[in-house]
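An overview of the molecular structure
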Amino acid sequence: MPLNIHRSWEKHLKNEFESIYFQKLVKCYKKEYLNSKCYPPQNLIFNAFNQCYFDDIKVVLLGQDPYHSEGQANGLSFSVSEGLPHPPSLINIFKEIENDLGIPYPKNGSLTRWSSQGALLLNSTLTVRENEAGSHQKMGWEVFTDKVIQKLSKEKKHLVFFLWGGYAKRKIKIIDSSKHLILSSGHPSPLSANRGFWFGNKHFSQCNNFLKFNGYKAIDW
């Protein structure tokens, strides 16, 4: 198995790992980490895959790229490590969960508790240069993560896909909506949320209702 991705993904992504584009991608991001300060730490680049195994996935929460300030990114979309201040988007996610499900706002911004229940917290781009949002886009990450989404859409059934904001919504075309639930809305960032495109979407209760209807255990958000 290449790099440090959990073996549960091996047979599903073997063709990607052996592809020319992926080999070029690995060389490219390793060069970036050598010459610039990048996030997340290299050992956490594939953290989403290591925290959530292929057979366990019930939910896919798609982000765009990692946080680009020091110490924030931990390889899980929207998540920060325990003890760190919560970024604005994560604050609004927790507020919506509180409004939707009555779950009190948490102190801990780490979302590993979601991953362990079957939520794949996948950024479309898995790395970023410090203080340069989107700096590793078009490096090849989007090709890889689109293949992951397509593979999940094809090989799994009754998944819930959270697509928040215009960038994530573009992934609708590679997801089979006849098999899966797609929940789309504005992004939880303050710019979108304060304009009325986030709060009140009730995505978390809709997700759990869908999971329970299809025989899965609901996510403890």
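Preceding block: the structure.
These notes cover the structure that comes with them. Since the model is a prediction, treat every value here as computed from it, not as a measurement.

When helices and strands are tallied, the protein shows nine helices and six strands. Taken over the C-alpha trace, the protein has a radius of gyration of 17 Å; the compact-globule value for 221 residues is 17 Å, and the two agree within 12%. Reported as C-alpha extents along the three principal axes, the dimensions of the protein are approximately 45 × 35 × 30 Å. Scored against the burial criterion, the 221 residues of the protein give a buried share of 52%. For the protein, long-range pairs separated by at least 24 residues make up 64% of all intrachain contacts whose partners lie at least 6 apart in sequence.

Moving on to the side chain of N74. Relative to the assigned elements, N74 resides in the loop between strand 2 (59–63) and helix 4 (88–101). Polar contacts involving the side chain of N74 include one to the side chain of S79, which spans 3.0 Å. Ignoring any residue separated from it by four or fewer positions in sequence, one finds N74 in contact with P40, L44, N47, S79, V80 and S81.

Its 15 residues give helix 6 (residues 141–155) an end-to-end C-alpha distance of 21 Å, which sits within 8% of 21 Å, the value for a rise of 1.5 Å per residue. Every buried residue belonging to helix 6 is among W141, E142, F144, T145, V148, I149, L152 and S153, and all of these are buried.

Another point: the packing of helix 1 (residues 10–17) against helix 6. Following both chains from N to C, one finds helix 1 and helix 6 inclined at 145°, their axes separated by 11 Å at the closest point. Taken as a pair, helix 1 and helix 6 cross one another with a handedness that is right-handed. Along its contact with helix 1, which presents H12, L13, E16 and F17, the element helix 6 presents F144, K147, V148, K151 and E155. For the contact of helix 1 with helix 6, the per-class residue count stands at four nonpolar, one polar and four charged.

This part is about the nonpolar core. Ranked by size, the top nonpolar core spans 64 residues in total, and within it W9, F46, F49, W114, F144 and F162 carry the most contacts. When sequence neighbours within four positions are dropped, the list of residues in contact with F144 reads L13, E16, F17, Y21, F22, F46, F49 and L126.

What follows is about the state of the cysteines. In the structure shown here, the tally under the stated rule is zero disulfides. Free of any disulfide, C28 has its nearest cysteine sulfur in C38, 9.9 Å distant. No disulfide involves C52; its sulfur sits 12 Å from the nearest other cysteine sulfur, which is in C207. Judged by its relative accessible area of 1%, C52 is buried.

Let us look at the pattern of salt bridges. If you walk through the whole model with that rule in mind, you get six salt bridges. Two residues, K14 and E18, come together in a salt bridge whose shortest N-O distance is 2.7 Å. Judged by its relative accessible area of 47%, E18 is partly exposed. Several salt bridges converge on common partners, so that one network encompasses E32, R129 and E132.

This part covers the packing of aromatic side chains. The description of an aromatic ring pair uses the distance of the two centres, along with the angle that the planes make with each other. The full count for this structure, using the stated rule, is 24 aromatic pairs. Geometrically, the ring pair formed by W114 and F204 is tilted, given 6.4 Å between the ring centres and 50° between the ring planes. With W114 in helix 5 (residues 112–115) and F204 in helix 9 (residues 203–213), this pair connects stretches of sequence that are 90 residues apart. The structure contains a cluster of three or more aromatic residues connected by ring pairs, namely W9, F17, Y21, F22, Y29, Y33, F46, F49, F54, W141 and F144.

Rules behind the numbers
- Residues numbered from 1 in each chain as written.
- Predicted model: local features only at pLDDT ≥ 70, side-chain atom pairs only at ≥ 80, totals over all residues.
- Heavy atoms only, no water.
- Helix = DSSP H or I, 4+ residues; strand = E, 2+ residues; numbered from the N terminus.
- Rg over C-alpha atoms; globule rule 2.2 N^0.38 Å.
- Buried < 20%, exposed > 50% of the residue type's maximum accessible area, 1.4 Å probe, protein only.
- Contact = heavy atoms within 4.5 Å.
- Polar contact = N/O pair within 3.5 Å; in protein donor to acceptor, adjacent residues only side chain to side chain.
- Expected span 1.5 Å × (residues − 1).
- Axes fitted to C-alpha atoms, helices over the stretch in contact; angles between N-to-C directions.
- Left-handed = near helix turned anticlockwise from the far one by under 90°.
- Nonpolar A, V, L, I, M, F, W, Y, C, P; charged D, E, K, R; others polar.
- Core = buried A, V, L, I, M, F, W, Y, C linked by side-chain atoms within 4.5 Å.
- Disulfide = S-S within 2.5 Å.
- Salt bridge = Lys/Arg side-chain N within 4 Å of Asp/Glu carboxyl O.
- Phe/Tyr/Trp six-rings, centres within 6.5 Å; stacked < 30°, edge-to-face > 60°.

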